[in-house]
Amino acid sequence: AATMLVCAGSGNGKTWFLKEMCKRCMLGKAKNKRNFLWISNELEIDKTIKELKTPRFQKYFRGIDISDGAFENSEAQTPEEFYKREVAPAIDNVPESGVIIVDDAADSVIHRQMRKKINKLLRTGRHTNRGLCYILHAIKAGLDSTRASSSCRYYVLFPKSAKGKIVDYLRDQGLT
């Protein structure tokens, strides 16, 4: 399973792009189907992924809400406890050849824990045949993008609002 970094500003199609990839996979041939774990700070309010939460896809799709509201409504007393109870077990139990999609983790109450887990998945996920698709709003997003820049197999960049930054980034990487 591969790692993918998907970058663009808000409203440029990152979530839609990944939702469509998931759909194609879940509707495809049985031998190619994957399980998807979608972790998002906006899981309950994002209309783009609403279709994936329908009974049609429930066998292959699971969502984890990491919003402030999800934390406040949980029994956890601390963000660390919330992560350990709700999120880490879901990630650790993604079946072999499954894909973990992380959307807007930087805006979550558990952003530090998620960054650490994402970095580990970027380094070691391939050993357990688990893929990771990581959504960011910018290619250069400080600590959130440092490991991704050197570990992701695929980059998907939407240049609508950041064409100059993308061109500069590619030049910095030695690409033309």
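Another point: the overall build of the protein. When helices and strands are tallied, the protein shows six helices and six strands. The order of α-helices and β-strands along the protein, N terminus first, is β-α-β-β-α-α-β-α-β-α-β-α. When contacts within the protein are restricted to residue pairs at least 6 apart in sequence, long-range pairs at least 24 apart make up 71% of them. Summing over all exposed atoms, the protein offers an accessible surface of approximately 9900 Å²; the carbon and sulfur share of this is 49%.

What follows covers the nonpolar core. Ranked by size, the top nonpolar core spans 28 residues in total, and within it Ile39, Val87 and Met114 carry the most contacts. At the level of secondary structure, the elements contributing two or more residues to this core comprise β1 (3–7), β2 (36–40), α2 (68–73), α3 (79–92), β4 (99–103), α4 (111–124) and β5 (131–136). A per-element tally of this core places α3 first, with six residues. Setting aside its immediate chain neighbours within four residues, Ile39 contacts Ile64, Ile66, Val87, Ile91, Ile100, Ile101, Val102, Asp103 and Met114. Of all hydrophobic cores here, the second largest spans 21 residues; its members include Met4, Ile49, Leu52 and Ile135.

This part covers the packing of aromatic side chains. Under the defined criterion, the tally for this structure stands at three aromatic pairs. Here Phe17 and Phe158 contribute two aromatic rings whose centre-to-centre distance is 5.9 Å and whose plane-to-plane angle is 75°, an arrangement assigned as edge-to-face. Of the two residues, Phe17 is situated in helix α1 (residues 14–27) and Phe158 in the loop between β6 (154–157) and α6 (163–172); the sequence distance between them amounts to 141 residues. We classify Phe17 as partly exposed; its relative accessible area is 23%.

Calculation rules
- Residues numbered from 1 in each chain as written.
- Predicted model: local features only at pLDDT ≥ 70, side-chain atom pairs only at ≥ 80, totals over all residues.
- Heavy atoms only, no water.
- Helix = DSSP H or I, 4+ residues; strand = E, 2+ residues; numbered from the N terminus.
- Contact = heavy atoms within 4.5 Å.
- Areas by Shrake-Rupley, 256 points an atom, 1.4 Å probe, with all protein chains shown as cover.
- Core = buried A, V, L, I, M, F, W, Y, C linked by side-chain atoms within 4.5 Å.
- Buried < 20%, exposed > 50% of the residue type's maximum accessible area, 1.4 Å probe, protein only.
- Phe/Tyr/Trp six-rings, centres within 6.5 Å; stacked < 30°, edge-to-face > 60°.

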